[in-house]
Amino acid sequence: MPAAVRAQSRVAARLLRPAALMLLSLTALGVTAKAQSNDLGITAGGYFAVSNPLSLGAAWALEGTFAHRLTSVHYLALAAELPIAGSFSSSIPTLSGTTIARSYTALFITPGVRLRLAPSFPVSPYFAAGLGYARFNRQLFNGGTSANNSLAFDVGGGLDINITSHFGLRGELRDFNSGGLGLETVVFGRQNNLFATGGLVFRF
């Protein structure tokens, strides 16, 4: 191969190397962005039946939420989410505790949507709403149990503190509105079940 041709090949290789590196970087960024379209939040805190005038129904609570980003525009991101929230045994009996029930636990599954503000910022607030299912399990004084199911919807909001691109802290307040607790629903109407939780969020 003539020397001139070899020289031109070396020059072309030097010119193409930065372009190849840039293409690889863009590809990696694209994969990273795609990989971060999901998040999983795991939070814990307190449960309060705030609309029951006889008792707050206070109990420990645990919540897990999976979300998948649907679209984003400027400083807004819309995601589909699936929250699953449950309370441990209520430490304060409800109205049915004066008759046959000692306490209750609650479970809520309400798929819906989440609107996030400034998702790429260090601090990112969000709002959520959904519609789904509630289940109340009552512990009876005779040692048995009874269950009530109900339609439920939720509204809430929270704040994510983004520590890294894949990990952060989350604080959330979510209200599950439901019936189905039993006698309380007949007397007082639908119940507001408030979850105040905090924990971790993982993005992938």
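Structural data are supplied above this passage.
Residues numbered from 1 in each chain as written. Predicted model: local features only at pLDDT ≥ 70, side-chain atom pairs only at ≥ 80, totals over all residues. Heavy atoms only, no water.

Participant: Go over the overall build of the chain, please, and point to the residues and values.
Facilitator: Within the chain, the regular secondary structure consists of two helices and nine strands. If you list the helices and strands of the chain from N to C, you get α-β-β-β-β-β-β-β-β-α-β. Buried residues in the chain amount to 37% of all 204 residues. When contacts within the chain are restricted to residue pairs at least 6 apart in sequence, those whose partners lie at least 24 apart make up 63%. Carbon and sulfur atoms make up 73% of the accessible area of the chain, which totals about 11,000 Å². (Helix = DSSP H or I, 4+ residues; strand = E, 2+ residues; numbered from the N terminus. Buried < 20%, exposed > 50% of the residue type's maximum accessible area, 1.4 Å probe, protein only. Contact = heavy atoms within 4.5 Å. Areas by Shrake-Rupley, 256 points an atom, 1.4 Å probe, with all protein chains shown as cover.)

Participant: Explain the pattern of salt bridges residue by residue, including any values.
Facilitator: Summed over the entire model, instances satisfying the criterion amount to ten salt bridges. The partner of Arg114 in a salt bridge is Asp39, with the nearest N and O atoms 3.0 Å apart. Of this pair, Arg114 sits in strand β5 (residues 112-117) while Asp39 sits in strand β1 (residues 38-49); the two residues are 75 residues apart in sequence, bridging distant segments of the chain. The pair Arg114 / Asp39 is uniform in exposure class, with both members buried. Between Arg203 and Asp160 there is a salt bridge; the shortest N-O distance is 3.4 Å. One end of the pair, Arg203, is in strand β9 (residues 191-203); the other, Asp160, is in strand β7 (residues 145-162), and 43 residues separate them in sequence. Classification of Arg203 by relative accessible area gives buried; the value is 15%. (Salt bridge = Lys/Arg side-chain N within 4 Å of Asp/Glu carboxyl O.)

Participant: Quick one: what's the story with the pairing of strand β2 (residues 59-73), residue by residue and with numbers?
Facilitator: With ten bridges joining them, β1 and β2 adopt antiparallel strand pairing. Across the sheet, the residue bridging to Asn38 is His68, located in β2. As judged from the twelve bridges shared by β2 and strand β3 (residues 76-87), these two strands associate in the antiparallel manner. Bridging from a neighbouring strand, Arg69 pairs with Ala79 of β3. (Pairing = 2+ DSSP bridges.)

Participant: I'd love a proper account of the side chain of Gln191, names of residues and values included.
Facilitator: Tracing the backbone shows Gln191 in strand β9. Overall, the relative accessible area of 5% leaves Gln191 in the buried class.

Participant: Could you give me a rundown of the nonpolar core, with the residues and numbers involved?
Facilitator: Counting 13 residues, the largest nonpolar core has Tyr47, Phe108, Phe136 and Phe195 as its most contacted members. Residue assignment for this core shows that the elements contributing at least two residues are β1, β2, β4 (101-109) and β6 (123-140). With three residues, β4 is the single largest residue contributor to this core. With near-sequence residues (within four places) excluded, Phe108 lies in contact with Tyr47, Pro83, Ile84, Ala85, Tyr133, Ala134, Phe136, Ala152, Phe176, Ser178, Asn193 and Phe195. (Core = buried A, V, L, I, M, F, W, Y, C linked by side-chain atoms within 4.5 Å.)

Participant: Just give me the short version of the packing of aromatic side chains, but keep the residues and values in it.
Facilitator: Scanning all chains against the criterion turns up ten aromatic pairs. Relative to Phe136, the ring of Tyr104 has its centre 6.0 Å away and its plane inclined at 65°; by these criteria the two rings are edge-to-face. Here the residue Tyr104 occupies a position in strand β4, and Phe136 occupies one in strand β6, the gap between them amounting to 32 residues. Of the two residues, Tyr104 and Phe136, both sit in the buried class. Through successive ring pairs, a cluster of aromatic residues spans Tyr47, Tyr104, Phe108, Phe136, Phe176 and Phe195. Geometry around Tyr126 places Arg114 over its ring, the cationic atom sitting 5.0 Å from the centre. (Phe/Tyr/Trp six-rings, centres within 6.5 Å; stacked < 30°, edge-to-face > 60°. Lys NZ or Arg CZ within 6 Å of the ring centre and 35° of its normal.)

Participant: Go over unusual backbone geometry, please, and point to the residues and values.
Facilitator: The phi dihedral of His74 is positive, around 55°, even though this residue is not glycine. Summarising the element assignment, His74 is placed in the loop between β2 and β3. For His74, a relative accessible area of 76% translates into the label exposed. The residue Ala118 is not glycine, and still its phi comes out positive at about 50°. For Ala118, the location among the structural elements is in the loop between β5 and β6.

Interpretation note: all reported values are geometric properties and have no functional meaning in isolation.
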